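Breakdown of the fold
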Amino acid sequence: VIRPETFDVVIVGGGVMGSSVAYHLKLLAPQLSVLVLERDPSFRLASSALSASSIRQQFSTPVNIALSRHSFAFLKDAGERLAVDGQAPEIGLVERGYLYLASAAQEPALRQAHALQRAHGADIELLSPAGLEERFPWLNTAGVALGSLGQAGEGWFDGYGLLQAFRRKARALGAAFRTAEACGFGLERGRIVSVRCTDGSRVECGEVVNAAGPHAAAVCRWAGVDLPVQPRRHCVFVLESPTALPGCPLVIDPSGVYFRPEGARYIAGAPPRDEDAGRDGTLEVDHALFDEVLWPALAHRVPAFEALRQVAAWAGFYEMNTLDQNAIIGRVPQVPNLLLVNGFSGHGIQQSPAAGLALAEIVVHGAARTVDVEPLGFERIAAGRPLRELNVI
Ligand SMILES: Cc1cc2nc3c(=O)[nH]c(=O)nc-3n(C[C@H](O)[C@H](O)[C@H](O)COP(=O)(O)OP(=O)(O)OC[C@H]3O[C@@H](n4cnc5c(N)ncnc54)[C@H](O)[C@@H]3O)c2cc1C
């Protein structure tokens, strides 16, 4: 009888979360054996490869502000931290604010979020319509009552580059990466003892981390656990504008439509629509969304965009937590060696450094130490007590 291999920790999914967890585990506890199972290392459909990869501090939930602040600090030093054999990865971090624009009806919520963000150390400035016009002469402030602009700790980066950097560094520290699709668990007395793969292989495990992104609910089902995470299509449009917009931040219109510079071009999107729920099969671009929702909003907000041209578009899946649009980080009490790092609802790539660290700390130290992620634990899901994030884009 050939005994299956055994690993202290088996991670299902090798996107940015799985790779960050693997890296942080090997950093904190080099003696642990860590295996990452990834069914498609080309990451063709992975959220981490299709992300808009922007980072902000303007959240309505304190734990999200803390996760993104810690992650921004990590991204700033990523070249040094994730270097392998003296070669530093390039993750192209651009530090530039998000600009949230609020209508009169949205103004009280923006002021409230701003007070909370300031109280948690985020450097965010409120701007009146006159202040906005002075700062951004290309912006039409019709229908805008107030803006809030990040002064530091916000921006965008190369998310795919970050994923690859985590992978390379985790491998250099001794984590194993295998191309295989997990398809089930062996369970004994309420614990997971093994992970089965579609190629007929099986590995035994001490702990299992669910890092399957938009497909995390399927993995939980193998252990009889209901996870309210669904794939939800999100489309991104690449635009060219003949007129430059000096100092352009990531702008979020009161309608929810957003845009930001991407090199000499722009990218733009809109919040997920309910009809995008459960579209597991299709990643076709919704071109009507551009014509009906994005274009009118963009041309209204930036008159120079009247002349913009759409040059490309893509779609990926948000991993929507349908209970409260927030991450779920930590152990599942009913299956104590199953750990989750799921449900980020479109703000995961920016939080992957801090979330991976938190999960590794839970495994190694029994609790997160750097950022207190207890509010994001599975307990609230089981109890149906949402910790709602209001700023979802
Ligand atoms: C269009 C778009 C724009 C976004 N914009 C932003 C943004 O601006 N800022 C931000 O912070 N976040 C953004 N996000 C969200 C962010 O990209 C995700 O939160 C993050 O990438 C999730 O990483 P992940 O590793 O959990 O998931 P993924 O990258 O999807 O990785 C999961 C991996 O698990 C593998 N897998 C699944 N099931 C199995 C199995 N059974 N066996 C083996 N492997 C399996 C998959 O192949 C996949 O590679 C955006 C997402 C999209 C789609």
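Preceding block: the structure.
Below is a short write-up of the structure. (Residues numbered from 1 in each chain as written. Predicted model: local features only at pLDDT ≥ 70, side-chain atom pairs only at ≥ 80, totals over all residues. Heavy atoms only, no water.)

1. Observations regarding the pattern of salt bridges
Within this structure, the stated rule accounts for 14 salt bridges. The salt bridge partner of Glu5 is Arg178, with a shortest N-O separation of 3.0 Å. Of this pair, Glu5 sits in the segment before strand E1 (6-12) while Arg178 sits in strand E9 (residues 176-179), and the two are 173 residues apart along the sequence. Look at Glu5 and you get partly exposed, because its relative accessible area is 41%. Of the residues examined, Arg178 reaches a relative accessible area of 31% and is grouped as partly exposed. With a closest N to O distance of 2.8 Å, Arg309 and Glu240 form a salt bridge. Of this pair, Arg309 sits in strand E17 (residues 309-321) while Glu240 sits in strand E13 (residues 229-240), and the two are 69 residues apart along the sequence. Since its relative accessible area comes to 24%, Glu240 is described here as partly exposed. Among the charged side chains, a salt-bridge network with shared partners connects Glu240, Arg265 and Arg309. (Salt bridge = Lys/Arg side-chain N within 4 Å of Asp/Glu carboxyl O. Helix = DSSP H or I, 4+ residues; strand = E, 2+ residues; numbered from the N terminus. Buried < 20%, exposed > 50% of the residue type's maximum accessible area, 1.4 Å probe, protein only.)

2. Overview of the state of the cysteines
Counted under the stated rule, the structure contains zero disulfides. Left without a disulfide partner, Cys205 is nearest to the cysteine sulfur of Cys197, which lies 11 Å away. (Disulfide = S-S within 2.5 Å.)

3. Digging into the sheet that holds strand E4 (residues 94-95)
With antiparallel pairing, the three strands of this open sheet are ordered in space as E3-E8-E4. The sheet is open, and its two borders are formed by strand E3 (54-55) and E4, each paired with just one other strand. Bridge count for E4 against strand E8 (residues 155-156) is two bridges, and the pairing is antiparallel. Looking at E8, one finds that Glu95 is bridged to Gly155. (Pairing = 2+ DSSP bridges.)

4. Observations regarding the packing of aromatic side chains
All told, the structure shown has eight aromatic pairs when counted by the stated rule. Each ring, one from Phe185 and one from Trp222, has its centre 5.3 Å from the other, and the planes form 80°; the classification is edge-to-face. Within this pair, whereas Phe185 is found in strand E10 (residues 182-188), its partner Trp222 is found in the loop between helix H8 (216-221) and E13, the two being separated by 37 residues in sequence. With relative accessibility at 23%, the residue Trp222 sits in the partly exposed group. Ring centres of Phe237 and Phe290 lie 5.2 Å apart, and the angle between their planes is 40°; on these two criteria the pair is classed as tilted. Note that Phe237 is positioned in strand E13 and Phe290 in helix H9 (residues 287-301), a separation of 53 residues in sequence. Considered together, Phe237 and Phe290 belong to a single accessibility category, that of buried residues. Here a set of aromatic residues connected by ring pairs shows up, and it is made of Tyr23, Phe74 and Phe166. Its guanidinium or amino end placed over the ring of Phe59, Arg56 lies 4.0 Å from that ring's centre, counting from NZ or CZ. (Phe/Tyr/Trp six-rings, centres within 6.5 Å; stacked < 30°, edge-to-face > 60°. Lys NZ or Arg CZ within 6 Å of the ring centre and 35° of its normal.)

5. Brief notes about the nonpolar core
Counting residues in each nonpolar core, the largest one holds 48 residues, and the members touching the most others are Ile11, Leu25, Ile329 and Val341. No other element matches helix H10 (residues 348-365), which puts eight residues into this core. Counting residues in hydrophobic clusters, the runner-up holds 30 residues, among them Cys197, Val219, Val229 and Leu338. (Core = buried A, V, L, I, M, F, W, Y, C linked by side-chain atoms within 4.5 Å.)

6. What about the pairing of strand E11 (residues 191-197)?
Where E10 and E11 come together, six bridges link them in antiparallel fashion. Across the sheet, the residue bridging to Leu187 is Ile192, located in E11. The loop that links E10 with its antiparallel partner E11 comprises two residues; one of these, Arg189, has a positive phi angle of about 50°. By the bridge criterion, three bridges tie E11 to strand E12 (residues 202-210) in an arrangement that is antiparallel. Residue pairing for E12: Ser194 is matched across the bridge by Glu204. In textbook terms, the turn of a hairpin is the stretch between consecutive antiparallel strands, and for E11 and E12 this stretch comprises four residues, one of which, Gly200, has a positive phi near 90°.

7. Looking at the environment of Cys205
Within the secondary structure, Cys205 is located in strand E12. The spacing of Cys205 and Phe7 is 198 residues in sequence and 5.0 Å in space, taken between C-alpha atoms. With near-sequence residues (within four places) excluded, Cys205 lies in contact with Phe7, Asp8, Val10, Ile192, Val193, Ser194 and Val195. (Contact = heavy atoms within 4.5 Å.)

8. Thoughts on the site of the ligand
Glu38, Ser48, Ser54, Glu319 and Gln350 are the nearest of the 36 residues found near the ligand. Between an oxygen atom of the ligand and a main-chain N or O atom of Ser53, the distance comes to 3.3 Å. Calculation on the ligand without its partners gives an accessible area of 1,000 Å², and the protein chains cover 96% of this total. Sorting the residues of the shell around the ligand by element identifies helix H1 (16-28), strand E2 (34-38), helix H2 (47-50), E13, E17 and H10 as the ones contributing at least two each. It is E17 that provides the largest number of residues to the shell around the ligand, a total of four residues. When its residues are assigned to classes, the shell around the ligand shows 18 nonpolar, 14 polar and four charged. (Near = heavy atom within 4 Å. Polar contact = N/O pair within 3.5 Å; in protein donor to acceptor, adjacent residues only side chain to side chain. Areas by Shrake-Rupley, 256 points an atom, 1.4 Å probe, with all protein chains shown as cover. Nonpolar A, V, L, I, M, F, W, Y, C, P; charged D, E, K, R; others polar.)

9. Looking at the packing of H1 against H10
Packed helices, taken two at a time, are described by the angle their axes make and the gap between the axes. H10 packs onto H1 with a crossing angle of 40° between their chain directions and a minimal axis gap of 8 Å. Taken together, the axis directions place H1 and H10 in an arrangement best described as oblique. Relative to H10, the crossing made by H1 is right-handed. Grouping the amino acids of the contact of H1 with H10 by side-chain chemistry returns 13 nonpolar, six polar and one charged. (Axes fitted to C-alpha atoms, helices over the stretch in contact; angles between N-to-C directions. Parallel < 35°, antiparallel > 145°, perpendicular 65-115°, else oblique. Left-handed = near helix turned anticlockwise from the far one by under 90°.)

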